[in-house]
Amino acid sequence: MEKNTLAISRRAAVAAAAGAAVAASIIRPAMAATAQILGQVPKGKMRVWQVGEQKSFETLSMVTRPIPTPGPGMALIKVHYAGIAARDQGIAMNMFPVPPGPRAQTLIPLSEGCGEVLALPPGETRIKIGERVTAPHWAQWVSGPWSPANYVADVGNTIDGWLGEYVLIPTIALVRVPDNIASEHAATLSGSGVTAWHALHEVAKVRGDDTVLSLGTGGVSTFGLLFAKAAGARVVVTSASDAKLEQMKKLGADITVNYKTNPQWGKEVFDKTGGVSVVLENVGPATLDQSMAACGNNARIVMIGTGRPPPTPPNMNGMYLKNLMLKAISAGSRTMVENMVTAMSHGNLKPAIALTVPFDDARRAYTEIRDGDHLGKIVIKVAS
Ligand SMILES: NC(=O)c1ccc[n+]([C@@H]2O[C@H](COP(=O)([O-])OP(=O)(O)OC[C@H]3O[C@@H](n4cnc5c(N)ncnc54)[C@H](OP(=O)(O)O)[C@@H]3O)[C@@H](O)[C@H]2O)c1
């Protein structure tokens, strides 16, 4: 498995750890009387997965707990589907760096999901009982620029995630899911979907005359292809697998390049396109040299992947020579999720889902994403 190895400043890590402690104290089931809440909390117990000792995927465990009553600022959701993202592997194995682990063994993992609102705190008017919802995993990032303070409420990391029959999610994060977006599809948006949306629409301001390079065929890359094609752009995809490249062509990719058979794939992309104008750098610093080689003048590179750095740092001369722009991003805000969901509903856009695994078999989602044979997203069916 690829580790998240980018250096995180000590100050950011400490601030995030402090934030997580505050979150743990403010985000918990209410002691308040059930009569005061909107909707209903089912009586009885629920099954949830918890991260446990965080030594391997085997130390994830399924447990039974009482169904919680939502306290102030929290909604009780009956989960339909949960989605797994690359970072969830690191969280399950105490290898995700912010905040420094290990996390509480009782933490419910997974950053992405979709379900139905069953109960809300009194006075909540933005979201209604019975609506299907998803949420950005940065639960308190509503709009505006990114801040590491968002780690205070990071779903599936510093607060409970979606891998349970019922979960508590902060109401401020909830985004209504339109009727024409299936729950299975909505459960892929909080991490992978909104990252590609943020990169293309907020940073690159993608247009029909752009040529977008989206590295790989995983969750973020397939969303990159989906949203770039919807914007009218030409799309180039790279993969180690010719079979996956064929599949990406069927999903709309205009040009495909195998990075395994041609280590100088950046030049091949440049030669086939005349230079791309946008790069979704879904791998990390290790591919930056080739990504820069693929670029035309003034291209925008959005840094998404957090993969291991290369032994030799990228040669930044390419940045100056071509006047490239480089911007890193962290998933996205609630406003970005809302805009993306609206566009998906209007355009009837559907994510690529490689595999749906049953709730009882959730560990398989982790091993499948680690093994990397998938194209697109892996989701877990919890209930429908
Ligand atoms: N910054 C953020 O907010 C953010 C958000 C989400 C994810 N991420 C990060 O972005 C990365 C991708 O996430 P994901 O969820 O899409 O992961 P994923 O589903 O596991 O996909 C990883 C993809 O990387 C491709 N890949 C690996 N090495 C490559 C190389 N040398 N050149 C081109 N492609 C290569 C693989 O393509 P093939 O199998 O086709 O070869 C694979 O499809 C991860 O590092 C993740 O941590 C960051």
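Just so you know, these numbers come straight off a predicted model, no measurement behind them.

A. Unusual backbone geometry, seen in detail. Val98 connects to Pro99 through a cis peptide bond whose omega is -10°. Mapped onto the elements of the fold, Pro99 is located in the loop between helix H2 (86-92) and strand S5 (112-120). Looking along the chain, the bond that leaves Gly101 and enters Pro102 is cis, with omega of 0°. With respect to the helices, strands and loops of the structure, Pro102 is situated in the loop between H2 and S5. With a phi angle near 90°, Leu110 is a residue other than glycine that sits in the positive phi range. Mapping Leu110 onto the fold places it in the loop between H2 and S5.

B. Broad picture of the sheet that holds strand S13 (residues 295-303). As summarised here, the arrangement of the six strands in space is S11-S10-S9-S12-S13-S14, forming an open sheet in which the pairing is parallel. Whereas interior strands pair on both sides, the edge strands pair on one side only; in this sheet they are strand S11 (255-258) and strand S14 (325-328). Across the sheet, the mean angle separating the axes of adjacent strands is 20° when strand polarity is ignored. By the bridge criterion, five bridges tie strand S9 (residues 211-215) to strand S10 (residues 234-239) in an arrangement that is parallel.

C. Structural view of the site of the ligand. As a matter of local geometry, the ligand sits amid 32 residues, with Gly216, Thr217, Gly218, Ser239 and Ala240 nearest to it. Listing elements by their share of the shell around the ligand, those giving two or more residues are H2, helix H4 (189-203), helix H5 (219-230) and S10. Counting contributing residues per domain, the shell around the ligand is built from domain 1 (10-188 + 351-381) and domain 2 (193-328), each supplying no fewer than three.

D. Seen up close, the pairing of strand S12 (residues 276-281). For S12, the buried fraction is high: six of the six residues fall into the buried class. Here S9 pairs with S12 via three bridges, running parallel. Looking across to S12, one finds that Val212 is bridged to Val278. As paired elements, S12 and S13 share five bridges and run parallel to each other. Each residue of the ladder has a partner; that of Val279, found in S13, is Ile301.

E. Quick peek at the nonpolar core. Ranked by size, the top nonpolar core spans 110 residues in total, and within it Ile77, Ala82, Ile169, Val276, Val279 and Leu280 carry the most contacts. Sort the elements by how many residues they give to this core and strand S4 (residues 74-84) lands first, with eight residues. When residues no more than four places from it in sequence are discounted, the contact partners of Ile77 are Gly115, Glu116, Val117, Leu118, Val133, Tyr166, Val167 and Ile169.

The rules behind these values
- Residues numbered from 1 in each chain as written.
- Predicted model: local features only at pLDDT ≥ 70, side-chain atom pairs only at ≥ 80, totals over all residues.
- Helix = DSSP H or I, 4+ residues; strand = E, 2+ residues; numbered from the N terminus.
- Pairing = 2+ DSSP bridges.
- Axes fitted to C-alpha atoms, helices over the stretch in contact; angles between N-to-C directions.
- Near = placed C-beta within 6 Å.
- Domains from an automatic or database assignment.
- Buried ≥ 20, exposed ≤ 12 C-beta atoms within 10 Å, placed from the backbone.
- Core = buried A, V, L, I, M, F, W, Y, C linked by C-beta atoms within 7 Å.
- Contact = placed C-beta atoms within 7 Å.

Read these as spatial facts, not as claims about activity.
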